[in-house]
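Chain by chain, the residues:
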Amino acid sequence: MITINEHYLKLNSSYLFSDIAKRVEAFRKAHPEREIIRLGIGDVTRALPAACIEAFHSATDEMASDATFHGYGDEQGYGFLKEKVAEHDFRARGADISPNEIFISDGAKCDTGNFQELFSTDARIAIPDPVYPVYVDSNVMAGRTGRFENGRYTGIYYLESTAANAFVPEPPSEHVDLVYLCFPNNPTGATITHARLAAWVDWARANRAVILYDAAYVAFIRDDSLPQSIFEIPGARDVAVEFRSYSKTAGFTGTRCAYTVVPASCVAYDSSGRPQSLHALWNRRHTTKFNGVCYMVQRAAEAVYTPEGARQVREINDFYLANARLIVNAFSDLGYSCYGGKDSPYVWVDVRTNSWEFFDLLLDKAGVVCTPGAGFGRCGEGFVRISAFNSREGVEKALDRVRAALKRA
Ligand code: PLP
């Protein structure tokens, strides 16, 4: 008799975005005449930058001739892209990362979900609350947690992110082996300073722990005093892995390209306490289970680093950030405390009430979809996430309706 991995049965059955979809569908059926504006799911809405499209086309043309056709590439990605990444995303900011420490992939979701495979099942993990759900669920599937009870899995150390700590948790007070951090944060929009990130790196070094640092939203940082990479922090190379993605950076949510940086000096330990290279392990995993990102997609990602591509990327992300400012202003004017939305496309609004009730209120009265904070963890209760990924017209119309609805409510 074939049996299943029973850890899957522990997964909290309610999935945030399908619950939202069900409520929106019910509303649509009940009010077919009303237009719905979605400021919920974090998908981008603007087209790929023109420089990426141009690179895509010319790479596609190469595939049309035997002489320039590309079959399998290196699983880790093409050198032309890894060199640009190392130069522009890291060395230009004083972070010592070389091209062979970069693994190109088809998404930060897969990478953040898969990386935990390298660690023992009894590794003790710390995960922020609220959080991007992939970090939690992938560890549940791997058997690193107990059951889901009272909104949390036993066995996880939750790093509470609240207004009191500006949504940047301190290192844990008890022993933990593996920590997930995400800045700029999804869902809170919080950013981390050099000093706070350095405290995490020092903690990891002192505890022989590893930090998995998700920087999927780095392209929205405008405050130049903030670190863009954990590798800007001295000593981070030995204790951190970083995830990046072109999804939010350059509108690649449907195109799929991302990368993971695993420094050659980053280690975890075997059962006899000997250090083992995470780079070697990830390389083994990546080459065994992954066969590389499409050549045209990697050429399109490379175009992000041309002067023209960089300018276009910045213009698109500035556009979303201007939407975020409108959202912050509107909710602040209505008397709500807002966080994020400055170096992040997400605004985290303290709605001072049950987040699903507020979701229903906004949908019912304004026809606007937001994301209830409770779906991101217990500490998300009382907040909603509003996404700036929309057209200007969509955001303005949604905010007009929100103003009218909440003034009335
Ligand atoms: N990390 C965070 C924090 C995200 O919010 C997302 C997507 O929403 C991802 C990773 C996934 O990115 P990708 O599209 O590269 O899989």
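To be clear, the structure that these remarks concern was listed above.
Residues numbered from 1 in each chain as written. Predicted model: local features only at pLDDT ≥ 70, side-chain atom pairs only at ≥ 80, totals over all residues. Heavy atoms only, no water.

## Considerations on the nonpolar core
Y246, F252 and F331 are the most contacted members of the largest nonpolar core, which totals 101 residues. Those residues in contact with Y246, other than ones at most four positions away along the chain, are L81, V85, G251, F252, C257, A258, Y259, A301, V304 and Y305. L178, L212, F243 and A268 belong to the second largest nonpolar core, which has 27 residues in total. (Core = buried A, V, L, I, M, F, W, Y, C linked by side-chain atoms within 4.5 Å. Buried < 20%, exposed > 50% of the residue type's maximum accessible area, 1.4 Å probe, protein only. Contact = heavy atoms within 4.5 Å.)

## Points about the pattern of salt bridges
Taken as a whole and judged by the stated rule, the model has 28 salt bridges. Linking E87 and R91 is a salt bridge whose minimum nitrogen-to-oxygen distance equals 4.0 Å. E87 gets classed as partly exposed once you look at its relative accessible area, which sits at 40%. With its nearest N and O atoms 3.4 Å apart, the salt bridge here joins R274 to D270. For D270, a relative accessible area of 21% translates into the label partly exposed. A network of salt bridges, in which partner residues are shared, links E25, R28 and K29. (Salt bridge = Lys/Arg side-chain N within 4 Å of Asp/Glu carboxyl O.)

## Observations regarding the packing of aromatic side chains
Where two aromatic rings form a pair, the distance of their centres and the angle of their planes describe that pair. One pass over the structure, following the stated rule, counts 29 aromatic pairs. When the centroid spacing of 5.3 Å and the interplanar angle of 75° are considered together, the rings of Y78 and Y295 count as edge-to-face. With Y78 in the loop between α2 (50-62) and α3 (79-90) and Y295 in helix α9 (residues 295-302), this pair connects stretches of sequence that are 217 residues apart. Overall, Y295 belongs to the buried group, its relative accessible area being 4%. The interplanar angle of 65° and the centroid separation of 5.2 Å between the aromatic rings of Y217 and Y346 together place this pair among those described as edge-to-face. One end of the pair, Y217, is in the loop between β8 (210-214) and β9 (240-245); the other, Y346, is in strand β14 (residues 346-350), with 129 residues separating them in the sequence. We note that Y217, like Y346, is buried. (Phe/Tyr/Trp six-rings, centres within 6.5 Å; stacked < 30°, edge-to-face > 60°. Helix = DSSP H or I, 4+ residues; strand = E, 2+ residues; numbered from the N terminus.)

## Considering the sheet that holds β9
Two modes of strand pairing occur in sheets, parallel and antiparallel, and in both the strands are linked by backbone hydrogen bonds. With mixed pairing, the seven strands of this open sheet are ordered in space as β2-β10-β9-β8-β7-β3-β6. Strands at the two margins of the open sheet, each flanked by one partner only, are β2 (102-105) and β6 (157-160). On average, each strand axis in the sheet is inclined to that of its neighbour by 20°, with strand direction left out of account. In this structure, strand β3 (residues 125-129) lies alongside strand β7 (residues 178-182), joined through two bridges in parallel fashion. Among the inter-strand pairings, A126 is bridged to a residue of β7, identified as V179. In this fold helix α8 (residues 278-289) packs onto β2, β8, β9 and β10 (258-261), with an angle of close to 25° to the strand it touches most, β2. (Pairing = 2+ DSSP bridges. Axes fitted to C-alpha atoms, helices over the stretch in contact; angles between N-to-C directions.)

## A look at α9
Taken across its eight residues, α9 has seven buried, putting it largely inside the fold. Residues of α9 that are buried include every one of Y295, M296, V297, Q298, A300, A301 and E302, and no others. Its buried side turned inward, α9 meets α2, α3, β2 and α7 (246-250).

## Side note on the side chain of K10
For K10, the position within the fold is in the segment before α1 (16-30). Although buried, K10 forms no salt bridge, and the nearest oppositely charged side chain, E6, lies 8.8 Å from it. Within the local environment of K10, its side chain forms a polar contact with the side chain of H7, the two groups lying 2.8 Å apart. At 2.8 Å, the side chain of K10 and the backbone oxygen of T145 are in polar contact. Residue contacts for K10: discarding those within four places in its chain leaves V140, G143, T145, G146, R147, F148 and Y153. (Lys, Arg positive; Asp, Glu negative; His and termini not counted. Polar contact = N/O pair within 3.5 Å; in protein donor to acceptor, adjacent residues only side chain to side chain.)

## Some words on the packing of α2 against α9
Relative orientation and spacing of two packed helices are given, respectively, by the angle between their axes and the distance between those axes. Two elements in contact, α2 and α9, have axes whose closest approach is 8 Å; the angle formed by their N-to-C orientations is 150°. Here α2 and α9 pass one another in a crossing that is right-handed. Note on element contacts: α9 touches α2 through Y295, M296, V297, R299 and A300, opposite C52, A55, F56, A59, T60 and E62. Taken together, the residues that form the contact of α2 with α9 break down as eight nonpolar, one polar and two charged. (Left-handed = near helix turned anticlockwise from the far one by under 90°. Nonpolar A, V, L, I, M, F, W, Y, C, P; charged D, E, K, R; others polar.)

## Focus: the packing of α1 against helix α11 (residues 355-366)
Direction vectors running N to C along α1 and α11 enclose 35°, while the axes themselves pass 11 Å from each other. When you trace α1 past α11, the crossing you get is right-handed. For the pair α1 and α11, contact is made by L16, D19, I20, R23, V24 and F27 and by W356, F359, D360, L363 and D364, respectively. Of the residues in the contact of α1 with α11, the class split is seven nonpolar, no polar and four charged.

## Let's talk about unusual backbone geometry
Put simply, D129 and P130 share a cis peptide bond, and its omega is 5°. Along the chain, the position of P130 falls in the loop between β3 and α5 (134-141). Of note, the phi angle at N150 is positive, near 50°, even though the residue is not glycine. By the element assignment, N150 lies in the loop between β4 (148-149) and β5 (152-153). N150 sits in the exposed class, given a relative accessible area of 68%. The phi dihedral of A166 is positive, around 55°, even though this residue is not glycine. Mapped onto the secondary structure, A166 falls in the loop between β6 and β7. In this structure A166 comes out as partly exposed when scored by relative accessible area, which is 45%.

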